[in-house]
Amino acid sequence: MAFEGLAERLQSTMKKITGKGKVSEQDVKEMTREVRLALLEADVNFKVVKDLIKRIKERAVGQEVMESLTPGQQVIKVVKEELSDLMGGEQSKIAVADRPPTVIMMAGLQGAGKTTTSGKLANHLRKKHNRSPLLVAADVYRPAAIDQLETVGQQLDVPVFSKGTDANPVDIARDALEQAKEEHHDYVIIDTAGRLHVDGDLMAELEQIKAVVDPDEIFLVVDAMTGQDAVNVAESFNEQLELSGVVLTKLDGDTRGGAALSIKAVTGKPIKFAGMGEKLDQLEPFRPESMASRILGMGDVLSLIDKA
Amino acid sequence: EKTRQSFSVKLNDLIARYRKVDEDFFEELEEVLIAADVGVNTVMDLVDELKMEVKRQNIKDTKEIKDVISEKLVEIYYGDDDEEVEKLNIQEDELSVILVVGVNGVGKTTSIGKLAHQLKQEGKSVMLAAGDTFRAGAIEQLDVWGGRAGVDVIKQGEGSDPAAVIFDGIKAAKSRNADVLICDTAGRLQNKVNLMNELAKVNRVIEREVPGAPHEVLLVLDATTGQNAMSQAKTFSDATDVSGIVLTKLDGTAKGGIVLAIRNELQIPVKFAGLGEGIEDLQAFDAHAFVYGLFADLLEEDAE
Ligand SMILES: Nc1nc2c(ncn2[C@@H]2O[C@H](COP(=O)(O)OP(=O)(O)OP(=O)(O)O)[C@@H](O)[C@H]2O)c(=O)[nH]1
Ligand SMILES: Nc1nc2c(ncn2[C@@H]2O[C@H](COP(=O)(O)OP(=O)(O)OP(=O)(O)O)[C@@H](O)[C@H]2O)c(=O)[nH]1
Ligand SMILES: [Mg+2]
Ligand SMILES: [Mg+2]
């Protein structure tokens with residue numbers, strides 16, 4: 001789908017209403033229709049879109065048109081402010097436990113990017129923060145999951161704790177924590193198997209791991225290409241595990257990434273990192289502002305408005 | 001599903017909730033389809049068409065519109081095609097090559113394991129080629145699946161040229177008189193031009209080495225993916241001649257509705273559905289069951 005930016009789509013709508021003193025209800029209605037479509041095309045959950053459009057309408061109707069902005073731009077400005085608010089302004093850091101090691105637990109659907117992100121986090125902690133992480137291979141289900149993490153560990157020269165595929169993930173996590181204490185690692189990153197949020201047994205397993213290692217961070221790893229289902233996934237994982245944050249992966253693709261907005265809206269949890277490629281140094285802090293622009297497909301227009 | 005109600009019966013359930021065809025009715029229909037990730041444009045077009053039809057035929061009662069909706073949805077999926085094009089193109093007495101492609105983590109390697117098992121059960125001799133030489137542990141993963149399915153895996157070391165591995169695979173498959181060779185490839189996002197070129201090269205090697213091959217290029221799509229799946233389908237079709245889709249992870253709560261739009265716009269049929277991580281969890285795609293599934297939540301709510 002060749003995405004038309006929201007800006008272009010609004011142009012024709014805007015032409016009809018330039019030169020007005022006030023943004024009328026009809027103007028807003030026509031423009032929010034385009035905004036709604038843009039958000040849905042970006043995979044923002046339809047319920048989240050509904051709430052958002054309601055708020056935008058309330059705010060936009062009856063506003064005085066500023067000299068420097070057309071009514072259309074003004075609506076965009078409101079949209080952007082609402083989106084940015086929703087995405088959350090603050091940029092988050094990784095927790096540090098009072099007494100090391102700090103335990104990070106990774107969770108998410110199959111194929112989301114947990115194992116890769118575990119490696120990236122280990123790399124990040126060591127390079128940027130001069131820490132000594134231990135990676136833990138707690139996925140005993142996926143074929144060659146342990147090989148994968150061990151290869152990643154080798155590439156980074158970071159140790160990987162594993163007990164093979166016959167061990168129980170809960171025991172693996174417990175023993176890994178013991179070893180980390182003995183060997184004075186200050187971070188423990190537990191890679192878990194991908195699982196469906198509706199898989200009762202496997203979700204219970206995560207709860208058990210959590211109970212045993214008492215993590216300082218529980219990250220939900222989410223594929224940025226996720227569609228409407230992102231809310232169900234994030235809501236379930238959050239209810240069952242009480243997440244501390246989210247990592248959005250595969251943002252190096254051409255997806256709009258509306259899932260980011262959906263997840264933030266339903267969980268309120270910060271998106272802390274963005275995966276920007278398959279390589280282990282391709283992890284970036286998440287930037288809520290630029291995500292809002294990306295979802296709308298309109299970076300340039302927004303920066304113009306910022307200057308206005 | 002225990003009771004295989006017909007498509008129209010299910011739709012009937014949905015529509016029975018409304019006595020009148022009004023804005024609410026259309027709004028809910030629209031929401032159900034959007035929530036299932038059916039392409040936004042497809043949904044809007046469908047609802048517009050329905051509204052027009054309702055006006056034209058002066059329909060007031062939801063019962064009457066039922067037929068129109070089911071007709072339209074099935075029409076969107078099938079177009080003018082016969083319903084029976086979803087079969088895998090396997091040659092009778094010569095080697096068939098299947099190339100499996102898609103973005104990262106969608107389920108390519110797993111689906112290959114399942115498919116190898118299925119074909120072997122049907123009495124075919126199957127071989128696999130480990131064309132993902134990039135991702136950590138990818139070769140080992142395919143190897144495990146080869147072991148589970150009881151088929152040979154042709155591989156080279158990590159970091160070797162994928163086209164060379166596939167070339168090797170073809171040579172081995174020919175010399176061992178295999179019926180089917182299934183080629184795994186590394187996951188790649190469709191906007192990575194270099195990686196898409198690499199895929200086109202792999203495709204050319206297959207074309208050159210086996211006349212009429214690849215007999216199938218299967219694009220694996222994750223049902224959890226939203227609108228981006230359309231862009232995946234388009235770009236992968238440019239690099240290779242995608243002949244069918246494997247829609248994975250349908251055992252979750254995502255519906256994968258975007259395949260309706262993909263079928264409608266690009267005429268690519270879904271051939272298989274992935275329904276779990278086990279070796280048996282691959283089924284021939286059933287379009288009717290799929291379309292029921294789009295409405296499942298609504299029907300469940302209704303039953304409560
Ligand atoms: N382009 C891109 N690919 C990524 C990114 N993160 C992960 N991947 C790829 O996505 C695929 C799946 O990644 P994994 O780390 O194996 O995912 P996982 O969640 O551990 O998967 P399971 O353990 O099977 O549930 C691999 O091909 C990774 O290379 C990213 O940020 N960008
Ligand atoms: N629930 C469920 N999980 C699946 C299905 N198909 C694959 N998976 C899981 O999804 C994850 C990724 O599968 P892979 O087969 O490694 O995917 P891939 O496309 O080969 O990944 P890359 O090679 O890294 O691009 C694994 O954890 C699989 O077990 C399915 O139909 N249902
Ligand atoms: Mg993993
Ligand atoms: Mg693979």
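1. Concerning the overall build of chain A
- For chain A, the count of helices and strands is twelve helices and eight strands.
- Across chain A, every contact between residues at least 6 apart in sequence was considered, and the portion connecting residues at least 24 apart equals 78%.
- For chain A, the accessible surface area stands at approximately 12600 Å², while carbon and sulfur atoms represent 45% of it.

2. Considerations on the sheet that holds strand S5 (residues 216-222) of chain B
All names here are of chain B.
- One open sheet holds the eight strands; their spatial order is S3-S2-S4-S1-S5-S6-S7-S8, and the pairing between them is mixed. This sheet does not close on itself; its edge strands, each paired only once, are strand S3 (152-154) and strand S8 (282-284). Ignoring strand direction, the axes of neighbouring strands in this sheet form an average angle of 25°.
- Here strand S1 (residues 96-101) pairs with S5 via four bridges, running parallel.

3. Thoughts on the pairing of strand S4 (residues 180-185) of chain B
Residues and elements named next belong to chain B.
- Burial analysis of S4 places six of its six residues in the buried class, which makes it a mostly covered element.
- The side-chain alternation of S4 yields two buried faces, one formed by Val180, Ile182 and Asp184 and the other by Leu181, Cys183 and Thr185.
- Judged from the four bridges that link them, S1 and S4 form a sheet pairing that is parallel. Looking at S4, one finds that Ile98 is bridged to Ile182.

4. Concerning the site of ligand 2
- Contacts to ligand 2 come from 22 residues, most closely from Lys108(B), Thr109(B), Thr110(B), Arg135(B) and Glu277(B).
- Residues lining ligand 2 come from chains A and B.
- A distance of 3.3 Å separates an oxygen atom of ligand 2 from a polar atom in the backbone of Gly274(B).
- Across the complex, the protein chains shield 96% of the 660 Å² of accessible surface that ligand 2 would expose by itself.
- Among the elements that make up the shell around ligand 2, the one with the highest residue count is helix H5 (residues 108-121) of chain B (four residues).

5. Considerations on the site of ligand 1
- In the vicinity of ligand 1, 23 residues are found, and the nearest of them are Gly113(A), Lys114(A), Thr115(A), Thr116(A) and Arg142(A).
- Taken together, the residues near ligand 1 originate from chains A and B.
- One of the backbone N or O atoms of Gly113(A) is found 2.7 Å from an oxygen atom in ligand 1.
- One of the side-chain N or O atoms of Thr116(A) is found 2.6 Å from an oxygen atom in ligand 1.
- Here ligand 1 has 650 Å² of accessible area as a free molecule, and 96% of this is covered by the chains.
- Taken together, the residues that form the shell around ligand 1 break down as four nonpolar, eleven polar and eight charged.

6. Remarks on helix H2 (residues 23-35) of chain B
All names here are of chain B.
- Spanning 13 residues, H2 covers 18 Å between terminal C-alpha atoms, matching the ideal 18 Å at 1.5 Å per step.
- Restricting attention to buried positions, one finds in H2 the residues Phe25, Phe26, Leu29, Glu30, Glu31, Val32, Leu33 and Ile34.
- Remark: Asp37 follows H2 within two positions and exhibits a positive phi of approximately 65°.

7. Let's talk about the interface of chain A and chain B
- Across the contact, 36 residues belong to chain A and 42 residues belong to chain B.
- The interface formed by chain A and chain B contains four salt bridges.
- Put simply, Lys50(A) and Glu27(B) hold a salt bridge, and the shortest N to O gap is 3.7 Å.
- Inspection of the chain A/chain B interface yields 19 residue pairs in polar contact (both at pLDDT 80 or more).
- At five residues, helix H6 (residues 145-156) of chain A tops the list of elements feeding residues into the side of chain A that touches chain B.

8. Re the pattern of salt bridges
- The full count for this structure, using the stated rule, is 24 salt bridges over all chains.
- Where Arg195(A) meets Glu205(A), a salt bridge forms, and the shortest distance between an N and an O atom there is 3.1 Å. Here Glu205(A) lies in helix H8 (residues 200-213) and Arg195(A) lies in the loop between strand S4 (187-192) and H8, a separation of ten residues in the sequence.
- The shortest N-O distance in the salt bridge between Asp161(B) and Lys201(B) comes to 3.5 Å. Within this pair, whereas Asp161(B) is found in the loop between S3 and helix H7 (162-175), its partner Lys201(B) is found in helix H8 (residues 193-209), the two being separated by 40 residues in sequence.
- For Lys201(B), a relative accessible area of 37% gives the class partly exposed.

Cut-offs and rules
- Residues numbered from 1 in each chain as written.
- Chains lettered and ligands numbered in written order.
- Predicted model: local features only at pLDDT ≥ 70, side-chain atom pairs only at ≥ 80, totals over all residues.
- Heavy atoms only, no water.
- Helix = DSSP H or I, 4+ residues; strand = E, 2+ residues; numbered from the N terminus.
- Contact = heavy atoms within 4.5 Å.
- Areas by Shrake-Rupley, 256 points an atom, 1.4 Å probe, with all protein chains shown as cover.
- Pairing = 2+ DSSP bridges.
- Axes fitted to C-alpha atoms, helices over the stretch in contact; angles between N-to-C directions.
- Buried < 20%, exposed > 50% of the residue type's maximum accessible area, 1.4 Å probe, protein only.
- Near = heavy atom within 4 Å.
- Polar contact = N/O pair within 3.5 Å; in protein donor to acceptor, adjacent residues only side chain to side chain.
- Nonpolar A, V, L, I, M, F, W, Y, C, P; charged D, E, K, R; others polar.
- Expected span 1.5 Å × (residues − 1).
- Salt bridge = Lys/Arg side-chain N within 4 Å of Asp/Glu carboxyl O.

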